Amino acid sequence: MGIHRDGYRQYTGELLPGGTRFLVLAGAELGRLWRRKSTRWVLILGALPLVIIVAAEVGKGLLESTAGGALPFQLQLLDKLFNTEQVFLAILAAAAGAGLIADDRGSNALILYLSRPLTPTRYLAAKGIALGAILSMVYLVPAWILVLVSELMAREVDWLGFGARAARATTVALLHVGFTAAVVLFLSSLATRARYVGLGWIAVFFFSDGIASGLQRASEGGAWARYFSIKDLFEDSAAWIMGHGERGGAAAVLLAMGLVAGVALVLRMRRLQAAAVSG
C-alpha cells in the first residue's frame, strides 16, 4: 500500500536530545564509508606497510636480544611508518571524504539538515567524526600498534616511556588527520560532485611536493621550500614531535593551515545554511 493512501501522520515517538542528534548522522556516515569497497581496499593496502615495518621492528628486537644491547644505529621505524601511511591517508581522504558535503549539496539533502534539525557546527562535527575515524584506521591505529610492538620487543619494559611515545605518536596522527579532514571537508563544501573534490585534494597534496622541489632547486637547496609541500610538512612535523627533528615550524604551519581551513569551513556552512533557510 502506498504512503499516499494512509496520508500524513505526525511522529509521536521519543525524540533524541538536541545536543546529541548529530551523533546519529556521524554513525550513519561512518557506516556508509565503511561499506564502500574503495574505503576497504585503501585500508587493506595501507595495512601492508604496517606488516613490513612491524616485521622490521621484531627483527630489530631479536638482533638486540642476541647482541645483548642496543644496535649502533637508529632505524626510526615510526617515522618511516608515518611517511609511508601519509600517501594512503591522502588517497583515503579523497575516496571517503570528497563527497561528505558535496553529495549532500548535489542531492539537496543539505537543505534538510541545515534548515532546522542541525546547526552548521554540529553538522560539521558529525561529518568530521566520521571522516576522522576512517582516516585514523590507516594512520593512528597503525602507529599505536607499532609503538606497542616496539615496547613488547624491548629488553626491559618502560611503561612511562611507552606512554610518552604513544602520546607523541597520537599527537602526530591527530595533527595530520585533523589538517587533512579540515581541508577535504572545506573543498567538499565548495562543490556538488565528489570526483572534483577528490581530484582537487590529490592535486594539492601531490603537486605541492613538486612545487617545493622546484623551489628548492631554484634556491639552491633552500630549506624554506619544504614549507610549500604538504608531504614535507607531514614528515618534518612528525620527526619534530617524536623528538628527533629540528623543524618545529612545520607543525606550527600545519596547525595554522588546519585552523584557517576549519574557520573557512564554518563560515562557508553558515552561508549555506542562510541560503537554505531563505530558499
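None of these values were measured; they are calculated from a predicted model. Sequence positions are assigned chain by chain, starting from 1 and proceeding in written order. Restriction of local features to residues with pLDDT of at least 70 applies here, the model being predicted, together with a cutoff of 80 or more for giving and counting side-chain atom pairs; totals for whole chains, interfaces and linings are based on all residues. Hydrogens and waters are ignored; side-chain quantities use all the structure's heavy atoms.

### A look at the overall build of the protein
Secondary structure elements follow DSSP: runs of H or I of four or more residues count as helices, runs of E of two or more count as strands, with numbering from the N terminus. In terms of regular secondary structure, the protein is built from 12 helices and zero strands. Traced from its N-terminal end to its C-terminal end, the protein shows the element sequence α-α-α-α-α-α-α-α-α-α-α-α. With a 1.4 Å probe rolled over the protein chains alone, any residue whose accessible area is under 20% of its type maximum counts as buried; one over 50% counts as exposed, and the rest are partly exposed. Out of the 279 residues belonging to the protein, those deemed buried represent 41%. Here the analysis covers contacts within the protein between residues at least 6 apart in sequence; of these, 75% occur between residues at least 24 apart. Shrake-Rupley sampling with a 1.4 Å probe provides the accessible areas, and residues are treated as covered by the protein chains on show and by no other component. When the accessible area of the protein is evaluated, it comes to approximately 15,200 Å², of which 64% is carbon and sulfur surface. Whether two residues touch is decided by their heavy atoms; if any such pair falls within 4.5 Å, the residues are in contact.

### Observations concerning the nonpolar core
Buried Ala, Val, Leu, Ile, Met, Phe, Trp, Tyr and Cys residues that are joined via side-chain atoms within 4.5 Å together make up what is termed a nonpolar core. With 67 residues, the main nonpolar core has Leu78, Tyr123, Trp201 and Met269 as its most contacted residues. The element that contributes the greatest number of residues to this core is helix H9 (residues 159-189), accounting for 13 residues. The contact partners of Leu78, leaving out residues within four places of it in the chain, are Ala143, Leu146, Val147, Arg165, Ala169 and Met242.

### Observations regarding helix H2 (residues 22-35)
In this analysis, the expected span of each helix is defined as 1.5 Å times one less than the number of residues it contains. Between its first and last C-alpha atoms H2 spans 20 Å; for 14 residues at 1.5 Å apiece the expected length is 20 Å, and the two agree. Buried residues of H2: Phe22, Leu25, Ala26, Glu29 and Leu33, and no others. Viewed along the axis of H2, the buried residues span an arc of 100°, placing them on a single side of the element. Arc definition: it is the arc formed by the directions from the helix axis to the C-beta atoms.

### Examining the confidence of the model for the protein
Scored from 0 to 100, pLDDT reflects the predictor's confidence in each residue. On average, the protein scores 85 in pLDDT, and the residues at 70 or more come to 88%. Here residues 1-8 is a poorly scored stretch, pLDDT under 50, and it has one contact once near neighbours within four places are set aside; other chains count.

### Side note on the packing of helix H4 (residues 77-97) against helix H8 (residues 140-152)
Axis definition: a line fitted to C-alpha atoms, limited for helices to the stretch in contact. Angles are taken between N-to-C directions and run from 0 to 180 degrees. Relative to each other, H4 and H8 sit at 165°, their axes nearing to 10 Å. In terms of their interaxial angle, H4 and H8 are classed as roughly antiparallel. Considering the relative orientation of H4 and H8, their crossing is right-handed. Across the interface between the two elements, Leu77, Leu78, Leu81, Phe82 and Glu85 of H4 pack against Pro142, Ala143, Leu146 and Val147 of H8. Roughly parallel means an angle under 35 degrees; roughly antiparallel, over 145; roughly perpendicular, 65 to 115; everything else is oblique. Crossing handedness is read from the near helix: turned anticlockwise from the far helix by less than a right angle, it gives a left-handed crossing, and turned clockwise, a right-handed one.

### Considerations on H4
Its 21 residues place the ends of H4 28 Å apart at the C-alpha level, agreeing with the 30 Å of an ideal helix rising 1.5 Å per residue. Bend, at a single residue, is the angle you get between axes fitted to the 7 residues ending at that residue and the 7 residues starting at it. At Glu85, H4 shows its maximal kink, close to 30°. Of all 21 residues in H4, 15 are buried, a share of seventy percent or more.

### Topic: the packing of H4 against H9
Their axes nearest at 11 Å, the elements H4 and H9 cross at an angle of 25°. Taken together, H4 and H9 sit at an angle that is classed as roughly parallel. Read as a crossing pair, H4 and H9 show a hand that is right-handed. Between H4, through Leu78, Phe82, Leu89, Ala93 and Gly97, and H9, the contact on the second element is made entirely by Arg165, Ala169, Val172, His176, Val177, Thr180, Val184 and Ser188. Taken together, the residues of the contact of H4 with H9 break down into eight nonpolar, four polar and one charged. Only Asp, Glu, Lys and Arg are considered charged, only Ala, Val, Leu, Ile, Met, Phe, Trp, Tyr, Cys and Pro nonpolar, and every remaining residue, Gly among them, polar.

### Thoughts on the packing of aromatic side chains
Stacked, tilted and edge-to-face are the three classes applied to pairs of Phe, Tyr and Trp rings, where Trp contributes its six-membered ring and a pair requires centres within 6.5 Å; stacked means planes under 30 degrees apart, edge-to-face means over 60, and tilted covers the rest. On inspection of all chains with the given rule, the structure shows seven aromatic pairs. Both rings, one in Trp159 and one in Phe162, keep their centres 5.7 Å apart while their planes meet at 90°; by these two values the pair is edge-to-face. Of this pair, Trp159 and Phe162 are both found in helix H9, three residues apart, which corresponds to roughly one turn of the helix. Ring geometry for Phe205 versus Phe234: centroids 6.1 Å apart, planes at 65°, classification edge-to-face. Here the residue Phe205 occupies a position in helix H10 (residues 194-218), and Phe234 occupies one in helix H11 (residues 230-241), the gap between them amounting to 29 residues. With respect to class, Phe205 is no different from Phe234; both count as buried. Joined through ring pairs, the aromatic side chains of Phe179, Trp201, Phe205, Phe206 and Phe234 make up one cluster.

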